[in-house]
Every structure is written in structure tokens, then in C-alpha cells.
Amino acid sequence: MDRFQAITVFARVVEAGSFARAAERLGVSVSSVSRQVAELEAHLDTRLLNRTTRRLSLTESGRAFHERSVQLLADIEEAEELANAATATPRGTLRLAAAIAFGSRHLAPAIAEFVGRHPQMRFDVELSDRTTDLVEEGFDVAVRIGNIGSQNLVGRRVGTTRLVCCAAPSYLARHGEPKTPEDLAAHVCLTYEYSAAKNAWAFTDRQGRARSARVAGPIHANNGRFLEALAVEGVGIAYEPDFIVGPDVRAGRLVPLLTDYVPVENPIYVVYPSRRHLSAKVRVFTDFLAERFAKADWALDVGRR
């Protein structure tokens, strides 16, 4: 048994969630993947995976072994890149996690440009509004908005986004326009699952005083693009990042509200596991995003100081 190959296969099975998907990513047969994992378990004299007809799950030993395996594979890749004279050239596959709305609207064109510049690069992207565990799930980097997440991660700020309170002209024609954050209590508001406080929207007045509005409405969702679409249809008031609602505001489909208040500002980070050396692909891609997002096309001149 080639232990390094077997460990690599095991890590890919955990990442993919099945033998079949891992085999497809590795370009080998399912039987080969299954055999190598079984040989690894026999070598270690312990079961790493619980197998059922519907799903795979890590055993306690498997979880500990996987964590070390992911770090080992990353360290080997890092060592190879440091030893290679062409370290400055990014190549290989970058596993990336990002939020759905930001990923589809802004990361997709960024990645397209990056791959055009660096044809040796490949991307394996997962878009999800949940917070991924980079080490456990084998990601190289994640793009996160608002906070870095785990204290075991390193974050580099690559951009900024601002929240915009807005509604469609049709909604405002029926319900009127709120003049203060407190007025929102009497309005239909569209609430987002992953906000820090799902039913409280934060604002700051021009004197720097914090204002908080309790909000409610008939629709609560875990996706900002979905709430944006509802707001455009006149269902209610949305409080969404400018990278989502910017095109609708510019087109007049949504009208900014409470512009006398300073919008909440959130940093955008590229985050990665804390290691002494950064691989070329992570370093160059992070530099590229920082340069690209410094001139963010989503920024709105709404309510700024």
C-alpha cells in the first residue's frame, strides 16, 4: 500500500462525502477508492469511516486522523512549492468557499479573470451561506463578510460592503417611507437568517449614536438574493449589502431609505488556515482580489459621512 496515496484518497472521500464523488474527482474507479481506504484502515487497525447505504460519517478515530491528514497534505504541498524554483507561479487546484450571493455575482467574474491570467490554476468552489470549517472540510481559502470566524484562521481584508435599507417604489406608494429606524416597527420587513440579530436592524445617526430597530414581517429567509427579489416585487423593506442591491438601486427598482443615517460597514476577508508559509496559489489569488475589490463596482453613495 502506498500510504501517501491512501491518505490522499481518504481525505478526498471525506471532502466529497462519498466514494463515487471522490473517485470522479480523482479520476479513478470507485473500487480503487474503496480498496485504498479499506487497506488504510487495515494498516491502522481501526475503522475510519462508518458506511451505510445512504451516507458516510467519520468515526472518532477517523475524525482525528482526518484532521491530521489534511494538515499533512497541506504541509507536503507547501514544502514542494517552497522547494520549487517556480514558487511564484500559482498552479494546481484552489478549494474555495464563499457565500452564495457574493460568490455568484462578484467572485465568478473575478475567478474568470484570474484563470485567464493564470491558466495553470483550477478552482473547486462551494457556495453556501453556512460557515464552513476550512480545516475539517479541506478548503484552502474562504471569502467571508463581517468576521473571520475561528481564531485558528488568518484573514486579510480585501474589500468593504455597506448595508442598504431599501424598498420598491410600489411598496412606498402603499405604505409610505420610514423617516427614523424606530418607524420600521410599523413596516413589513424582510429578515435574513444569518444576520447577527435576525429581528433587530442596527443604524448609527450622524452624531455617532447607535440606534436599533425591532423589525418583523411575513418572510424570513437564508439567502440575500431571495430577499432582494421579494423587495423588488414590493413585498417589504430589505436591509441588504450593497453588493446585492446595488444594481436595483441604480436602476430605480429599489429606493434607499433612512439615508440620514450612517450605513453599517462590514469588511470582506479572504481567510485561510494559520500556517507559517502561504502557497503561491493562495497568496497570488488573495493579492488579486485585494486589487480588484479595492475598486468595487458595487459601492453606493448612500448615507455615507
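Residues numbered from 1 in each chain as written. Predicted model: local features only at pLDDT ≥ 70, side-chain atom pairs only at ≥ 80, totals over all residues. Heavy atoms only, no water.

J.: Before we move on, can you summarise the overall build of the protein chain with the specific residues and values?
T.: Along the backbone of the protein chain there are 10 helices and 13 strands. C-alpha atoms of the protein chain, sized along the principal axes, occupy 70 × 45 × 30 Å. A sequence separation of at least 24 residues applies to 75% of the contacts in the protein chain between residues at least 6 apart. Computed over 39 positive and 37 negative side-chain charges, the inter-centroid distance for the protein chain is 1 Å. (Helix = DSSP H or I, 4+ residues; strand = E, 2+ residues; numbered from the N terminus. Contact = heavy atoms within 4.5 Å. Lys, Arg positive; Asp, Glu negative; His and termini not counted. Charge placed at Lys NZ, Arg CZ, Asp CG, Glu CD.)

J.: Provide a residue-level description of the packing of aromatic side chains, including the pertinent values.
T.: All chains considered together, the criterion is met by 15 aromatic pairs. With 5.9 Å between their ring centres and 85° between their planes, F114 and F123 make a pair best called edge-to-face. Ring pairing ties together the aromatic residues F102, F243, F293 and W298, which thus form one cluster. Between the NZ or CZ atom of R95 and the centre of the ring of F139, over which it lies, the distance is 4.3 Å. (Phe/Tyr/Trp six-rings, centres within 6.5 Å; stacked < 30°, edge-to-face > 60°. Lys NZ or Arg CZ within 6 Å of the ring centre and 35° of its normal.)

J.: Requested: an account of the pattern of salt bridges, with residues and values cited.
T.: Going through the model one piece at a time under the given rule, you end up with 19 salt bridges. When the shortest N-O distance is used, the salt bridge between R35 and E39 registers 3.5 Å. In this pair, R35 and E39 are both assigned in helix α3 (residues 30-44), four residues apart and thus about one turn of the helix distant. Judged by its relative accessible area of 44%, R35 is partly exposed. Note that R95 and D124 form a salt bridge whose closest N and O atoms lie 3.2 Å from each other. Within this pair, whereas R95 is found in strand β3 (residues 92-98), its partner D124 is found in strand β4 (residues 121-127), the two being separated by 29 residues in sequence. Using a relative accessible area of 9% as the deciding quantity, one classes R95 as buried. Accessibility expressed as a relative area gives 23% for D124, which makes it partly exposed. Overlapping salt bridges, with partners in common, bring together R12, E15, R25, R95 and D124 in one network. (Salt bridge = Lys/Arg side-chain N within 4 Å of Asp/Glu carboxyl O. Buried < 20%, exposed > 50% of the residue type's maximum accessible area, 1.4 Å probe, protein only.)

J.: How would you sum up the environment of L289? Please name residues and give values.
T.: Position of L289 among the secondary structure elements: in helix α10 (residues 280-293). Judged by relative accessible area, L289 falls into the buried class, the value being 0%. Apart from the residues within four sequence positions on either side, L289 is in contact with L107, A110, V143, V158 and V270.

J.: Please provide a residue-by-residue account of the nonpolar core, values included.
T.: Ranked by size, the top nonpolar core spans 39 residues in total, and within it F102, L107, V143, F285 and L289 carry the most contacts. Taken together, the elements giving at least two residues each to this core come down to β3, α5 (100-117), β5 (141-145), β6 (153-167), α8 (224-232), α9 (242-251), β13 (265-273) and α10. Sorting elements by how many residues they give to this core places α10 first, with seven residues. Among all residues touching L107, those that are not within four sequence positions of it are L96, A98, F102, V143, L289 and F293. A11, V13, L56 and L58 belong to the second largest nonpolar core, which has 18 residues in total. (Core = buried A, V, L, I, M, F, W, Y, C linked by side-chain atoms within 4.5 Å.)

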